[in-house]
Amino acid sequence: MRILLVEDDKQLNESLTFQLEREGFSVDSCFDGEEACYYGEQNIYDIILLDRMLPLMEGTQVLTLLRKKGITTPVIILTALGTLSDKVTGLDLGADDYLVKPFAIEELLARIRCIIRRPNTLTNTDTLTVSDIVWYMNEDRIQGPSGNCTLSKREASLFETFIRRKNQTLSRNFLLLKVWGPDSDVEEGNLDNYIHFLRRRLNGVGSSLQIKTIRGIGYCLQD
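Reading the values: the criteria
Residues numbered from 1 in each chain as written. Predicted model: local features only at pLDDT ≥ 70, side-chain atom pairs only at ≥ 80, totals over all residues. Heavy atoms only, no water. 1 Å grid on protein atoms, 1.4 Å probe; cavity = no way out; pocket = protein on both sides within 12 Å on 5 of 7 lines; lining within 4 Å. Points joined across faces, edges and corners; volume = space filled by probe spheres on them. Helix = DSSP H or I, 4+ residues; strand = E, 2+ residues; numbered from the N terminus. Nonpolar A, V, L, I, M, F, W, Y, C, P; charged D, E, K, R; others polar. Axes fitted to C-alpha atoms, helices over the stretch in contact; angles between N-to-C directions. Parallel < 35°, antiparallel > 145°, perpendicular 65-115°, else oblique. Left-handed = near helix turned anticlockwise from the far one by under 90°. Contact = heavy atoms within 4.5 Å. Salt bridge = Lys/Arg side-chain N within 4 Å of Asp/Glu carboxyl O. Buried < 20%, exposed > 50% of the residue type's maximum accessible area, 1.4 Å probe, protein only. Polar contact = N/O pair within 3.5 Å; in protein donor to acceptor, adjacent residues only side chain to side chain. Disulfide = S-S within 2.5 Å. Pairing = 2+ DSSP bridges.

Asks: In this structure, what is going on with the layout of surface pockets? I would like to understand it.
Replies: Over the atoms a probe the size of a water molecule is rolled, and this reveals where empty space is left. By volume, the largest pocket is sized at about 670 Å³. Taken together, 22 residues make up the lining of the largest pocket; nearest its centre are Met1, Glu23, Gly24, Phe25 and Met137. At the level of secondary structure, the elements contributing two or more residues to the lining of the largest pocket comprise α5 (105-116) and α6 (153-163). Top element by residues in the lining of the largest pocket is α6. It accounts for 5 residues. The residue makeup of the lining of the largest pocket, split by class, is 8 nonpolar, 5 polar and 9 charged.

Asks: Sorry if this is basic, but what is going on with the packing of helix α1 (residues 10-22) against α5 here?
Replies: Each packed pair of helices is defined by two parameters, the angle between the axes and the distance between the axes. At a minimum axis distance of 11 Å, the contact between α1 and α5 shows a crossing angle of 55°. As the angle between them shows, α1 and α5 are arranged oblique. Considering the relative orientation of α1 and α5, their crossing is right-handed. Between α1 and α5, the residues in contact are Leu16, Gln19 and Leu20 and Ile105, Leu108, Leu109 and Ile112, respectively. Split by residue class, the contact of α1 with α5 holds 6 nonpolar, 1 polar and no charged.

Asks: For this particular structure, what's the right way to read empty space enclosed by the protein?
Replies: Applying the stated criterion across every chain yields a total of 2 cavities of 30 Å³ or more. A volume near 70 Å³ is recorded for the largest cavity. Every residue lining the largest cavity is listed: Met1, Arg2, Ser26, Asp46, Ser157, Glu160, Thr161, Arg164, Arg165 and Lys178. Tallied by class, residues from the lining of the largest cavity come to 1 nonpolar, 3 polar and 6 charged.

Asks: What exactly am I supposed to notice about the packing of α6 against helix α8 (residues 188-204) here?
Replies: Contact geometry of α6 with α8 gives a least axis separation of 10 Å together with a crossing angle of 80°. One finds that α6 runs roughly perpendicular with respect to α8. Counting all contacts with α6, which are made through Arg154, Glu155, Leu158, Phe159 and Phe162, the residues of α8 involved are Leu191, Tyr194, Ile195, Phe197, Leu198, Arg201 and Leu202.

Asks: Is there a simple way to think about the pattern of salt bridges in this case?
Replies: Side-chain pairs of opposite charge can arise whenever the charged atoms involved come near each other. As enumerated under the stated definition, the model contains 15 salt bridges in all. A salt bridge links Arg201 to Glu155, with the nearest nitrogen and oxygen atoms 3.2 Å apart. With Arg201 in helix α8 and Glu155 in helix α6, this pair connects stretches of sequence that are 46 residues apart. For Arg164, the salt bridge is made with Glu160, and the minimal N-O distance between the two is 2.9 Å. Looking at Glu160, the relative accessible area reads 7%, which means it is buried. Through salt bridges with shared partners, a single network forms among Glu7, Asp51 and Lys101.

Asks: When you look at the side chain of Glu160 in this model, what are you seeing that I'm missing?
Replies: Tracing the backbone through its elements, the reader meets Glu160 in helix α6. Only 2.9 Å separates the side chain of Glu160 from the side chain of Arg164, close enough to count as a polar contact. Ignoring any residue separated from it by four or fewer positions in sequence, one finds Glu160 in contact with Met1 and Trp135.

Asks: What am I meant to see in the state of the cysteines here?
Replies: Think of a disulfide as a covalent bridge from one cysteine sulfur atom to another cysteine sulfur atom. Taken as a whole and assessed by the stated rule, the structure comprises 0 disulfides. Looking at Cys37, it has no disulfide partner, and the nearest cysteine sulfur is the one in Cys30, 9.1 Å off. Residue class for Cys37 comes out buried when judged on its relative accessible area of 5%.

Asks: Help me understand the sheet that holds strand β1 (residues 2-6), please; the structure alone is not making it clear to me.
Replies: Neighbouring strands of a sheet are bound in pairs by backbone hydrogen bonds; such pairs are parallel or else antiparallel. Judged by pairing direction, the sheet is parallel, and its 5 strands sit side by side in the order β2-β1-β3-β4-β5 without closing on themselves. Pairing within the sheet leaves two strands with one partner each, and these edge strands are β2 (26-30) and β5 (97-100). Between one strand axis and the next, the sheet turns through 20° on average, direction left out of account. Where β1 and strand β3 (residues 47-51) come together, 4 bridges link them in parallel fashion.

Nothing here speaks to function; it is geometry throughout.
Dropping the structure here:
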């Protein structure tokens, strides 16, 4: 799961990045509003953690711009501005939650888990079920009709991207950005290799799920 962290306090940014990555999240961080707009517009994130008081562009302006461009990624505003009117403004502009600084990392993690929980696919916060596959996220392990296997971290990130978007055609560029990040210089051939690995994994556990090649576009996970 990929998170965009927008926080101009370098020490807090580094601390949050470390703690989120320790919990298994992939984190891209930036330090001002213009960067936040650029990264947010890539539409590759599962959650955006957005400081309100930022250089170059205020957090609420970033949020407004992203929502106007159709970016529906959940946003948690992180800010020292904690009055009732501040909270109402942030939520009315399209934020999904509002957390006042200083906060405990345990509370932030709980709010993230609350937002990413999807009743139609999640049986609990640690298990994702689609079709005949159960994915134990904390273990990076999938279980199918005829067995189970452990995925590498990169395989797990790619698999999560597919399983959360079953039956959607995902472009090669989207997959590269989502799994490797916007600042990576990964070669496209690496994506093909990992698609091959995942196909073998799914076949090995007897799953009916298949990663279909959509010629000229990308891939799609289907039954």
